[in-house]
Amino acid sequence: MGVSQALLVYVFVSIHLGASQHFLRLRPSPSDHLPVPDLKEDPDPDFDPREPDLAERTLRKKLGSNFDPNFMSVGSPVSVNLSVQDTQSRQPGPMPNEIKKLDLSETPYGRRVKVGKKARRKFLQWLWTYTHCPVVYTWKDLGSRFWPRYIKEGNCFNERSCSFPEGMFCKPVKSITKTFLRWYCQGFLKQKYCTWIPVQYPIISECKCSC
């Protein structure tokens, strides 16, 4: 089974809060740091968007074709506090070539072993099922300073080791980015200027068994 190599670079949203000014910095970071950790926000409600700023029609127009209902939701999803598992991703799917091409008829020491076609097929299917790393999706509330507020975030299934013998675990190897709107304020308290700006939010899209 393969060991994951270099991981994709993603854009990580990092908020640096100061007493008089807010800065938003986009910083590249390796995708093995996914999912994105919770951001530390200034609790001052003066930096929250007001009701007129949350007009859905206006924000949908601003986000345009970047709105993806499969990964984002304006209102609270019914299962926001529950793990939403993509049943398709839990199925192993097509067997990778690295498993298909395994030679079960020869041991590491050169001794030949006779393996029937049916037994070989069943063993390889078991191996692929055992080492498969599905992406488990969970709805996450990003707070009122993001629009849409809810994102379906991916996590690697890690309830057990994915290798035999044990020792390896599922880790992210690919990610996709979705564009959200971020409420961004700068300036001094009563002279501050706030607006919605587009930001890239990375989501795990594929996991592999790795050291």
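The structure we're discussing is the one just above.
Residues numbered from 1 in each chain as written. Predicted model: local features only at pLDDT ≥ 70, side-chain atom pairs only at ≥ 80, totals over all residues. Heavy atoms only, no water.

Draft legend 1. Up close: the pattern of salt bridges. Evaluated as defined, the whole model comprises 10 salt bridges. Of the charged contacts in the structure, one is a salt bridge between Arg145 and Glu41, with a shortest N-O distance of 3.4 Å. Taken together, the residues span a long stretch of sequence, with Arg145 in the loop between β5 (135–141) and β6 (146–147) and Glu41 in the loop between β2 (22–30) and α1 (56–63) at a distance of 104 residues. Measuring nitrogen to oxygen at the nearest pair gives 2.7 Å for the salt bridge that ties Arg182 to Glu41. Of the two residues, Arg182 sits in strand β8 (residues 169–186) while Glu41 sits in the loop between β2 and α1, which places them 141 residues apart along the sequence. Glu41 sits in the partly exposed class, given a relative accessible area of 29%. One salt-bridge network, in which partners are shared between bridges, spans Glu41, Asp48, Arg145 and Arg182. (Salt bridge = Lys/Arg side-chain N within 4 Å of Asp/Glu carboxyl O. Helix = DSSP H or I, 4+ residues; strand = E, 2+ residues; numbered from the N terminus. Buried < 20%, exposed > 50% of the residue type's maximum accessible area, 1.4 Å probe, protein only.)

Draft legend 2. Inspection of the pairing of strand β7 (residues 150–156) at higher detail. Extensive coverage of β7 is indicated by the burial of 6 of its 7 residues. Here strand β3 (residues 72–73) pairs with β7 via 2 bridges, running antiparallel. Bridge pairing links Ser73 to Tyr150 in β7. Direction of pairing for β5 relative to β7: antiparallel, over a ladder of 7 bridges. When the sheet's bridge partners are listed, Trp139 is paired in β7 with Lys152. (Pairing = 2+ DSSP bridges.)

Draft legend 3. Broad picture of the state of the cysteines. Tallied over the full model, the rule gives 4 disulfides. Covalent S-S linkage joins Cys162 and Cys209, the inter-sulfur distance amounting to 2.0 Å. Between Cys162 and Cys209, the S-S dihedral sits near 95°, and the bridge is therefore right-handed. With Cys162 in the loop between β7 and β8 and Cys209 in strand β9 (residues 193–210), this pair connects stretches of sequence that are 47 residues apart. Of note for the chain: the bonded cysteines, numbered N- to C-terminal, pair according to 1-4, 2-7, 3-8, 5-6. A disulfide-free cysteine, Cys211 has its sulfur positioned 8.1 Å from the sulfur of Cys209, the nearest such atom. Taking relative accessible area as the criterion, Cys211 reaches 62% and is therefore assigned exposed. (Disulfide = S-S within 2.5 Å.)

Draft legend 4. Helix α4 (residues 117–131), seen in detail. Here α4 is 15 residues long and its end C-alpha atoms lie 21 Å apart, about the 21 Å a rise of 1.5 Å per residue gives. What α4 keeps buried is the set Leu124, Leu127, Trp128, Tyr130 and Thr131. Considered in projection along α4, the buried side chains sweep an arc of 165° and stay on one side of the axis. When the buried face of α4 is taken as reference, the exposed residues oriented beyond 90 degrees from it are Lys118, Arg121 and Lys122. Those residues of α4 that are buried lie in contact with α3 (97–100) and β9. (Expected span 1.5 Å × (residues − 1). Arc of directions from axis to C-beta. Contact = heavy atoms within 4.5 Å.)

Draft legend 5. Broad picture of the packing of aromatic side chains. Taken as a whole and assessed by the stated rule, the structure comprises 6 aromatic pairs. A centroid spacing of 5.8 Å and a plane angle of 75° characterise the contact between Phe71 and Tyr137, whose relative ring orientation is edge-to-face. Taken together, the residues span a long stretch of sequence, with Phe71 in the loop between α1 and β3 and Tyr137 in strand β5 at a distance of 66 residues. Tyr137 carries the same exposure label as Phe71, and that label is buried. For the cation-ring pair, Arg60 lies above Phe67, with the distance from its terminal atom to the ring centre recorded as 4.1 Å. The ring of Tyr137 is capped by Lys152, whose NZ or CZ atom sits 5.4 Å from the centre of that ring. (Phe/Tyr/Trp six-rings, centres within 6.5 Å; stacked < 30°, edge-to-face > 60°. Lys NZ or Arg CZ within 6 Å of the ring centre and 35° of its normal.)

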